[in-house]
Amino acid sequence: MAFFKPDWLLTSIYALQPIDLKRHQINTILTDLDNTLIAWHEPQSSQQLRQWLDLMAQSQIQVIVVSNNNQRRVARAVADLQIPFIHGAKKPLPFGIKQALKKFHLNPDQTIMVGDQLLTDIQAGHLAGVRTVMVKPLVETDSRITHFSRFMEGIIMKQYYRKNPNLQWQEKMN
Ligand SMILES: [Mg+2]
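Attention in this report is confined to the structure presented alongside it. Everything numeric here is computed off the predicted structure, so don't read it as measured data.

Criteria and cut-off values
- Along each chain, the written sequence defines residue order, and numbers are assigned to residues from 1.
- Local features in a predicted model are, by the rule used here, given only for residues with pLDDT of at least 70; side-chain atom pairs are given and counted only at 80 or more, and totals for whole chains, interfaces and linings are based on all residues.
- As a rule here, side-chain values come from all non-hydrogen atoms in the structure, and water together with hydrogens is ignored.
- Categorising residues by exposure relies on relative accessible area from a 1.4 Å probe, with only protein chains included: less than 20% of the type maximum marks a residue as buried, more than 50% marks it as exposed, and the intermediate range marks it as partly exposed.
- In this description a helix means any DSSP run of H or I spanning at least four residues, a strand means any run of E spanning at least two, and both kinds are numbered starting from the N terminus.
- Note that the arc is defined by the directions from the helix axis to the C-beta atoms.
- Note on method: axes are straight lines fitted to C-alpha atoms, helices fitted across the in-contact stretch only, with angles between N-to-C directions ranging 0 to 180 degrees.
- Each angle is binned into one of four classes, with values under 35 degrees roughly parallel, values over 145 roughly antiparallel, values of 65 to 115 roughly perpendicular, and all other values oblique.
- Take the far helix as your reference; a near helix turned counterclockwise from it by less than a right angle gives a left-handed crossing, and one turned clockwise gives a right-handed crossing.
- Working rule for contacts: check all heavy atoms of both residues, and any pair within 4.5 Å makes them a contact.
- Polarity classes work like this: nonpolar for Ala, Val, Leu, Ile, Met, Phe, Trp, Tyr, Cys and Pro, charged for Asp, Glu, Lys and Arg, and polar for all others, with Gly in that last group.
- The rule for donors is simple: N, O or S, within 2.8 Å of the metal, or within 3.2 Å if the metal is Na, K or Ca. Water isn't counted, so a site may look like it is missing partners.
- At least two bridges found by DSSP between two strands are what make those strands a pair.

Turning our attention to helix 4 (residues 95–103). Within the sequence span of helix 4, burial applies to G96, I97, A100 and L101. For helix 4, the buried positions fall inside an angular range of 140° around the axis, keeping them on one side. Exposed and facing more than 90 degrees away from the buried side of helix 4 are F95 and K102. Once helix 4 ends, the next one or two residues include H105, with phi positive near 50°.

Written out as structure tokens, the structure is:
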């Protein structure tokens, strides 16, 4: 169970704000792409996302995509956002995150992994030794490929809620 426990549960990635990140000595956000940063069925980035990325850039907080998707798909999705990425990350294995830590010379203590899937993003983050933030998926409907994973996640989350009855999705970092 410990591997599956995120350090924070937030309503969305936009709940991450510079003041809270700095309080927790976080200077780098590694983020999942699909359903965390952008809706899986609509590759266009939103105005809200651009504003949030600008805010992070102004606050010297790096944002790097760590995705299991292939290079073509990730490159196309982040092209107009001008943020670096790691593709083929193999989450829930830690390799993609470790690759990001090495490539961008990151301190794992000052880095978080953000994602919408407990079984891939959060577990990978824990295995790579960074703190983790689970966010609600941007869209509730999902591609068929992750149905099984979602099903398993539902079971694990139910258990998790039972053990932590006061747990709630937060609008900002505690
Ligand atoms: Mg995702």
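More follows now that the structure is in view.
Further remarks concern the packing of helix 4 against helix 5 (residues 118–128). Where helix 4 meets helix 5, the closest approach of the two axes is 8 Å, and the angle between their N-to-C directions is 55°. For the element pair helix 4 / helix 5, the angle class is oblique. Here the hand of the crossing between helix 4 and helix 5 comes out right-handed. Contact residues: helix 4 offers I97, K98 and L101, while helix 5 offers A124, G125, L127 and A128. Among the residues forming the contact of helix 4 with helix 5, the class breakdown is five nonpolar, one polar and one charged.

Our next topic: the coordination of the magnesium ion. Note on the magnesium ion: its protein donors are D32 (OD), D34 (O) and D116 (OD). The metal-donor distances range over 2.1 to 2.2 Å. Sequence spacing of the donors to the magnesium ion: D-x1-D-x81-D. Highlighted residues: D34 in the loop between strand 2 (28–31) and helix 2 (47–58) and D116 in the loop between strand 5 (111–115) and helix 5, separated in sequence by 82 residues. One exposure class covers both D34 and D116, and it is buried.

The next point concerns the pairing of strand 2. Alternating residues of strand 2 divide into T28 and L30 and I29 and T31, and every residue in both groups is buried. Pairing of strand 2 with strand 3 (residues 62–66) involves four bridges; the strand directions are parallel. Among the inter-strand pairings, T31 is bridged to a residue of strand 3, identified as V65. Examined bridge by bridge, strand 2 and strand 5 share four bridges and lie parallel to one another. Bridge assignment links T28 to a residue of strand 5, and that residue is T111.

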